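In case you want the letters, here they are:
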Amino acid sequence: MLRILDIAFKDLLQLSRDFKTFMFLLIMPIIFTFLFGYAFGGFGGNDSDSRLPVGYISQDDNWVTDELHDLLAASEVIRLEENIFLSPADLEKLVADGDLAAAIIVPDGYGRAVLKNKTVRLIVIADTGAQAWTTIEAELLSVASRVDGAVRTASIMENMDLEGVPFDYAFEQVIAAWDEPPITIHEASSLAIDKASDGNSGLAHTSPGMMLQFAIAGLLTAAQVIVSERKSRTLQRLLTTDTRRIHVVFGHYLAIFLLIFTQFAILITFGQFVLKVDYLRLPSATLLVAFSAALCISALGLLIGILAKTEEQAVAFSLVPMFVFAGLGGAWVPLEVTGETFQAIGHLSPIAWGMDGFENIAVRGLGFESVLVPSAALAGYALLFFTLAVWRLNASE
Amino acid sequence: MTDLPAIEVLNLRKSFGENHAVQGVSFEVSQGEIFSLLGPNGAGKTTTISMLSCLLRPDDGDARVMGHSIRAEQTGVKSALGVVPQDIALYEDLTARENLTFWGKMYNLRGAKLKARVDEVLDIIGLRDRANERVGKYSGGMKRRVNIGVALLHKPKVIYMDEPTVGIDPQSRRNILDSVVRLKDEGMTVLYTTHYMEEAQELSDHIGIMDHGKLIACGTNDELVKLVGQKTRIDLTLNANAENVMPAWREVEGVSLVSAEDGVVTVLAQDSNLVLPHLFETATRHAARITSVDIHEPNLEAVFLHLTGRALRD
Amino acid sequence: MKILDIALKDMTRSFRSVFAVFFMLGVPLLVTGMFYFMFGNIAGEGGFNLPKTKVAIANLDEGGPKFQVNPRNIPGGKKADTMGELVVSILQSDEMSDLIEVMLADSAAAARAAVDNQSAQVAIIIPPDFSDKFADVNEDAVIEFYQDPTLTIGPAIMKSILNRFLDGMAGVKIAVTVFLDEADSEETALAGQVVQLYLKDSLAESDDPEAELLEVRLPTGTTRNKEEESQNLLLSIVGPIMGGMMVFYAFFTGASTAQSLLKEEEERTLPRLFTTPTSQAAILSGKLLSVFMTICVQVAVLIVAAHWIFGIQWGEVSSVISMAAGIIFSASSFGVFINSFLKNTKQGGVLFGGVLTVTGMLGMISIFAMDSPSAARMGETVSLLVPQGWAVRGLMNSMNGEPLESVLINLLVSLLWSIVFFAVGVWRFNRRYA
């Protein structure tokens, strides 16, 4: 046991002697979690408008059209971009270039046609294949339906000859009633997200993924110690002492584990207090996931260190799994868009299990039992990588 | 051959901070001879060679290689020079042929002439049949042969060999020493650095002994040995009474020096055959017994010891 | 000539390494292939065929006395005795079956539990008094929408569907409410008539309200072919990823190849080179040329392979050449620059891995978070602090068919970066070997 500690201590001493490397291991993941969190929209939109930009030109001059315009302008989903110098052709080009998500052209006579209950349509220029179109379409239909509904209601009331209720008044009342719709959807989610301040829910998705991804990136330094040991022939020398092979392996493993676990601890603390992701909602559960993930990633680092013949190979062998596991596991693109087959394939990546574990606690607000399966999966991966590493070491030395 | 010295070293100096690696070294090497620089590790041999190869700029002094100054005419120096570095300096992922071809190009050989010369060198180093294998797969001895071969490609007038036999097996060592002699036979001048006295003695026309950055002696083997007066060194061990025996030995005719260190009494004498019986007799008279005798004929080890007070291998 | 000899020698060594070739060419194609497979799998006819959103519905509605739902007003003519049943029948209709998969839950807790244990993505909980409150003009009816917080797309689609339907129902109630607010007491009995007239005239009866309300046109040049649309969508995701990988790994190749200077120093072949009548300038130039040529080969192969394997359209030829030149020059110069600060290859293993990973990721942020406006902003700001950011920008401009001028501007900036990096790198190396 003492030998294991001696070897682990030696490795950590070597790593810590290179201050720049050490800082890189700790600082880089923090910086990138921050940057990517922002990139994924994690810091709220208080000072920026994340609504979809939609161009608007009205060729009609009618109060109904004005009402339509006011409703669109008040939308929480789309942001009207109006420029009197732009023509429909200009708007079309902006949509084609991707500068606008869509463009609305209210044709001449729109308002009159609506009032006469005639079929009339808003002209919308959009790439219907784009993901944003679904959202835009829903919003436009909602607004247009409301205007249509208001006209219908006002028409009915006008036809009923209600005293003191002119058409436009009834119309205004209907539109105003939509400010507090009589049927609403109350959106609820896990307690964990509800606790988080507005706009930071984005980070609840990115933080675990980035944390796991950069823990693997950190292996490119952690594995160097083992590579250097083999290159300098000190590993071979170590094997001529009465230190058992398994002690050598465990010693290196322990060093990498302590490094990765420390990294997780720092990132979880950072996530909790700076990014406001509620990792510590259930500390024991988060600890278990972090522990298992560290076991898994450290075993991967051990395997990389043993496989790589040079420092350059260690870098390459760290980056390839980082990209592949992160991509497969949904750290960049959510697995929800990929279908059941690929979601299953995605869970071949330990990152997917790690994300499940952290998200179950910090995002879904679930209990301790929800991290048992992900932790077990991570531990299984740890065992697999560790076994491969030992086998490889025995084969090569 | 002309009278132009192959190598002329004029008061070369080089320091690295407080470490004065080479301090005012001067010597001359005639064309067609083998000149050895002998000295322990850290004596300044490699630094001197590096300056002579234009790898290091001297702090002071100059040197000429085939008349070209190392300060002002580096291209001329490098064209006349072939260098066999101490470490294997080859591209292990290239074949022997590819290595030689590349290095030949660096020595301005091209086309058919290069190809012919590469074949010739492969024959010289005896690796023609394995020329298309990667150097990384060669044994240590084979790598050393290619290492030497590279230096021969452009048929240099002068060749530097920096401790070429360090860390290799006796057979390979023998092959290298033989090849050095062959080079001389072909008219090449060889500047050979070593810390093995036997090599210097065997190969060299002239030897320069370096220590602590200085050239402390220079000459033929015989001339250097004469510095210690061609005295024979006899190392003896006694079972007792060394302190009584030693003064008596000093009185023996033919003995010039008696000293003791670590239980070994060293006697310098003109002729060991004449002196030894008297040493035994004197010891017996003083109730002492000689338990071992080691006789060393005059050699460079003795010279170094004489000049520095230390053994060459210390 | 010697410069070329040295460059070719280095390139021979590089391309003889299976590992190096795999890293240069195999990995970018592998990662991109993975994403191609991920998204190609679900790209169907016109847009993505997203997997169905699983919805757990707990209909607890006990019904309301005043509201009678006319089956004629329910799509598909389904019968519903309560508003809750109406909602459920709409969601279970054939029209919805492509988008959602409904499972019924006995209670609110069971519905929420289905989301918590990830057997459903959304839970819709219709409260017991839903019909009652709907019928009461003074009350608002609320449906609880409980979603898996880690998901965005499925719940967004579900919410959109539900909102549209509830909007229709709300429209009816608003019509009645406004009528009752304005009508005299003796006119209030006409409320039912208002509902009938409203439903008759409104779009609630329409089979295709979208077509009635909106005339949708595609921007000029956009294909109407559904298969091409889905392919375009796929490439719009996979293309930037491939480009990003190409940039990322080109910079790695640059640094790795430039490291040959340090390697040769350690192998002792560099000092040997200096003993030959080959000038230091020629030696250094040869090494730099090898870096440049290696990356040229890498970028050319990747551009061609990605186009051939994945069908990625890199843009007009002139733009592609400009974009590629920007990548090649900046990657090779950056590699030289970084290596000039290293003492030995041992430092390189970590330093260039760390520096290149950090700068590479920074440059690729806008690719990692493609649909995010924040990421797009970062792509125009933070990413441009590193040469990879400019390379990615040039790449995206070319792929998006931007005018050649904008691609050339990126090339120009990349060249400026390159000049600085080369100058500093060469100066440092010259000083080192002086």
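Once a new chain begins, its residue numbering starts again from 1 and follows that chain's sequence as written. Lettering for chains starts from A, numbering for ligands starts from 1, and both go in the order in which the items are written. Only residues with pLDDT of at least 70 get local features here, since the model is predicted, and only at 80 or more are side-chain atom pairs given and counted; chain-wide, interface and lining totals rely on the full set of residues.

## What about the overall build of chain B?
Reasoning step 1: What counts as a helix is a DSSP run of H or I of at least four residues, what counts as a strand is a run of E of at least two, and both are numbered from the N terminus. If you tally the helices and strands in chain B, you get eleven helices and 14 strands.
Reasoning step 2: Taken over the C-alpha atoms alone, chain B extends approximately 80 × 45 × 40 Å along its principal axes.
Reasoning step 3: Put plainly, a residue is buried at 20 or more neighbouring C-beta atoms within 10 Å of its own, exposed at 12 or fewer, and partly exposed in between, counting only other residues' C-beta atoms, which are placed from the backbone. Across the 314 residues in chain B, those meeting the buried criterion constitute 43%.
Reasoning step 4: Contact definition: two residues whose C-beta atoms, as placed from backbone geometry, lie within 7 Å. In chain B, the proportion of contacts linking residues at least 24 apart, taken out of those at least 6 apart, comes to 69%.

## Here's the deal with the sheet that holds strand β1 (residues 53–59) of chain C
The strands making up a sheet associate through backbone hydrogen bonding, with each pair oriented either parallel or antiparallel.
Reasoning step 1: Strands sit in the order β5(A)-β4(C)-β3(C)-β1(C)-β2(C) across an open sheet of five strands; the sheet is mixed. Each edge of the open sheet carries a strand with a single partner, namely β5 (183–188) of chain A together with β2 (100–104) of chain C. Adjacent strand axes in the sheet meet at a mean angle of 25 degrees when their direction is disregarded.
Reasoning step 2: By this definition, two strands are paired if DSSP reports at least two bridges between them. Pairing of β1(C) with β2(C), which is carried by five bridges, proceeds in the parallel orientation. Note on definitions: angles span 0 to 180 degrees between N-to-C directions of axes, and those axes are lines fitted to C-alpha atoms, for helices only across the stretch in contact.

## Describing the environment of F32(A)
Reasoning step 1: By the secondary structure assignment, F32(A) is in helix α2 (residues 19–39).
Reasoning step 2: If we skip the residues at most four places from it in the chain, F32(A) touches M210(A), F214(A) and M361(C).

## Regarding the interface of chain C and chain A
Reasoning step 1: With 95 residues of chain C at the interface, the matching set in chain A holds 91 residues.
Reasoning step 2: Put simply, Ala, Val, Leu, Ile, Met, Phe, Trp, Tyr, Cys and Pro go in the nonpolar bin, Asp, Glu, Lys and Arg in the charged bin, and everything else, Gly too, in the polar bin. For the side of chain C that touches chain A, a count of residues per class yields 52 nonpolar, 25 polar and 18 charged.

## Side note on the nonpolar core
Reasoning step 1: Counting 152 residues, the largest nonpolar core has C296(A), A299(A), L302(A), F385(A) and V238(C) as the members making the most contacts within it.
Reasoning step 2: A total of 16 residues in this core trace back to one element, the largest contributor, which is helix α9 (residues 226–258) of chain C.
Reasoning step 3: Here L302(A) is in contact with V249(A), H252(A), Y253(A), I256(A), F385(A), F386(A) and A389(A), once residues within four sequence places are set aside.
Reasoning step 4: A102(A), L91(C), I124(C) and A175(C) belong to the second largest nonpolar core, which has 87 residues in total. For this analysis, nonpolar core means a set of buried Ala, Val, Leu, Ile, Met, Phe, Trp, Tyr and Cys residues linked through C-beta atoms within 7 Å.

## Describing the arrangement of the chains
Reasoning step 1: Contacts are most numerous between chains A and C, considering all two pairs of chains that are in contact.
Reasoning step 2: Left apart from each other, chain A and chain B have a closest C-alpha approach of 15 Å.

## What about the pairing of strand β8 (residues 189–194) of chain B?
All names here are of chain B.
Reasoning step 1: The buried fraction of β8 amounts to six of the six residues, a majority that puts the element mostly inside the structure.
Reasoning step 2: Residue alternation in β8 divides its side chains into two sets, T189, L191 and T193 and V190, Y192 and T194, and both sets are buried.
Reasoning step 3: Sheet topology places strand β3 (residues 34–38) next to β8; five bridges connect them, and they run parallel. Within β8, the position partnered with F35 by the bridge is L191.
Reasoning step 4: Across five bridges, strand β7 (residues 158–162) lies against β8 in parallel orientation. Within the sheet, the bridge partner assigned to D162 lies in β8 and is T193.
Reasoning step 5: For the handedness criterion, the strands are oriented away from the viewer, and a crossover whose path from the first strand over the helix to the second runs clockwise is classed as right-handed. In the classification by handedness, the crossover that spans β7, the intervening helix α6 (residues 170–185) and the parallel β8 is right-handed.

## Notes on the interface of chain C and chain B
Reasoning step 1: Opposite the 17 residues of chain C that make contact, chain B presents 20 residues.
Reasoning step 2: Elements with a contribution of two residues or more to the side of chain C that touches chain B: α1 (2–16) and α11 (269–275) of chain C.
Reasoning step 3: The class makeup of the residues in the side of chain C that touches chain B is four nonpolar, five polar and eight charged.

## Topic: the sheet that holds strand β2 (residues 78–81) of chain A
Reasoning step 1: Within the open sheet, the five strands sit side by side as β2(A)-β1(A)-β3(A)-β4(A)-β5(C). Their pairing is mixed. Of all the strands in the sheet, just β2 of chain A together with β5 (214–217) of chain C have a single pairing partner and so form its edges. For this sheet the average axis-to-axis angle between neighbouring strands, irrespective of direction, equals 30 degrees.
Reasoning step 2: Two elements, strand β1 (residues 52–58) of chain A and strand β3 (residues 102–106) of chain A, share five bridges in a ladder whose sense is parallel. The partner of V54(A) across the bridge, within β3(A), is A102(A).
Reasoning step 3: Here helix α4 (residues 88–97) of chain A sits on the sheet in contact with β1, β3 and β4 (122–126) of chain A, set at roughly 160 degrees to β3(A).
Reasoning step 4: Contacts between helix α6 (residues 132–159) of chain A and the sheet are confined to β1, β2, β3 and β4 of chain A together with β5 of chain C, with β4(A) contributing the most and set at about 170 degrees to the helix.

## Let's talk about the packing of helix α14 (residues 311–329) of chain A against helix α16 (residues 350–362) of chain A
Residues and elements named next belong to chain A.
Reasoning step 1: Remark: α14 packs on α16, axes separated minimally by 7 Å, with the N-to-C direction vectors making an angle of 50 degrees. As far as their axial angle goes, α16 and α14 are oblique. Once α14 is placed against α16, the crossing between them reads as right-handed. Across from F325, A326 and G329 in α14, the residues of α16 making contact are P350, I351, A352 and M355.
Reasoning step 2: When its residues are assigned to classes, the contact of α14 with α16 shows six nonpolar, one polar and no charged. Between 65 and 115 degrees an angle is taken as roughly perpendicular, under 35 as roughly parallel, over 145 as roughly antiparallel, and anywhere else as oblique. Note on convention: near helix rotated counterclockwise from far helix by under a right angle means a left-handed crossing. Clockwise means right-handed.

## Things to note about the environment of V386(C)
Residues and elements named next belong to chain C.
Reasoning step 1: In this structure, V386 sits in the loop between α16 (373–379) and α17 (387–399).
Reasoning step 2: For V386, a count of 22 C-beta atoms within 10 Å gives the class buried.
Reasoning step 3: Here the alpha-carbon distance between V386 and I174, two residues 212 residues apart in the chain, equals 56 Å.
Reasoning step 4: Sequence-distant contacts of V386, that is, excluding residues within four places in its chain, are made with T359, L362 and G363.

## Some thoughts on the environment of I361(A)
All names here are of chain A.
Reasoning step 1: Within the secondary structure, I361 sits in helix α16.
Reasoning step 2: Expressed as a C-alpha distance, the spacing of I361 and D278, which sit 83 residues apart in the sequence, is 7.9 Å.
Reasoning step 3: In this structure I361 touches Y279, R281, L282, A285, T286, L366 and V371, once residues within four positions along its chain are discounted.

## Details of the confidence of the model for chain B
Reasoning step 1: Put simply, chain B has an average pLDDT of 88, and 96% of its residues get 70 or more.
Reasoning step 2: If you check the scores for this complex, the pTM reads 0.75 and the ipTM reads 0.76. Every residue gets a pLDDT, meaning the predictor's confidence in that residue, from 0 to 100.

## Brief notes about helix α17 (residues 372–396) of chain A
Each turn of an α-helix holds 3.6 residues, which means side chains three or four residues apart point in the same direction.
Reasoning step 1: The span you would expect from a helix comes to 1.5 Å times its residue count less one. With 25 residues, α17(A) should reach 36 Å at 1.5 Å per residue; the first-to-last C-alpha distance of 36 Å fits that figure.
Reasoning step 2: When we look at burial in α17(A), the residues that qualify are P374(A), S375(A), L378(A), Y381(A), A382(A), F385(A), F386(A), A389(A) and L393(A).

## A few points about the packing of helix α10 (residues 219–231) of chain A against α14(A)
All names here are of chain A.
Reasoning step 1: Contact geometry of α10 with α14 gives a least axis separation of 9 Å together with a crossing angle of 145 degrees. Handedness of the α10/α14 crossing: right-handed. In this structure, α10 contributes L219, L220, A223, Q224 and V227 to the contact, and α14 contributes E311, A314, V315, S318 and L319.
Reasoning step 2: A class-by-class count of the residues in the contact of α10 with α14 yields seven nonpolar, two polar and one charged.

## Some thoughts on α6(A)
All names here are of chain A.
Reasoning step 1: The end-to-end C-alpha separation of α6 is 40 Å, in line with the 40 Å expected for 28 residues at 1.5 Å each.
Reasoning step 2: Where burial is concerned, most of α6 is hidden: 20 out of the 28 residues are buried.
Reasoning step 3: Backbone geometry just downstream of α6 places D161 in the positive-phi region, at approximately 55 degrees.

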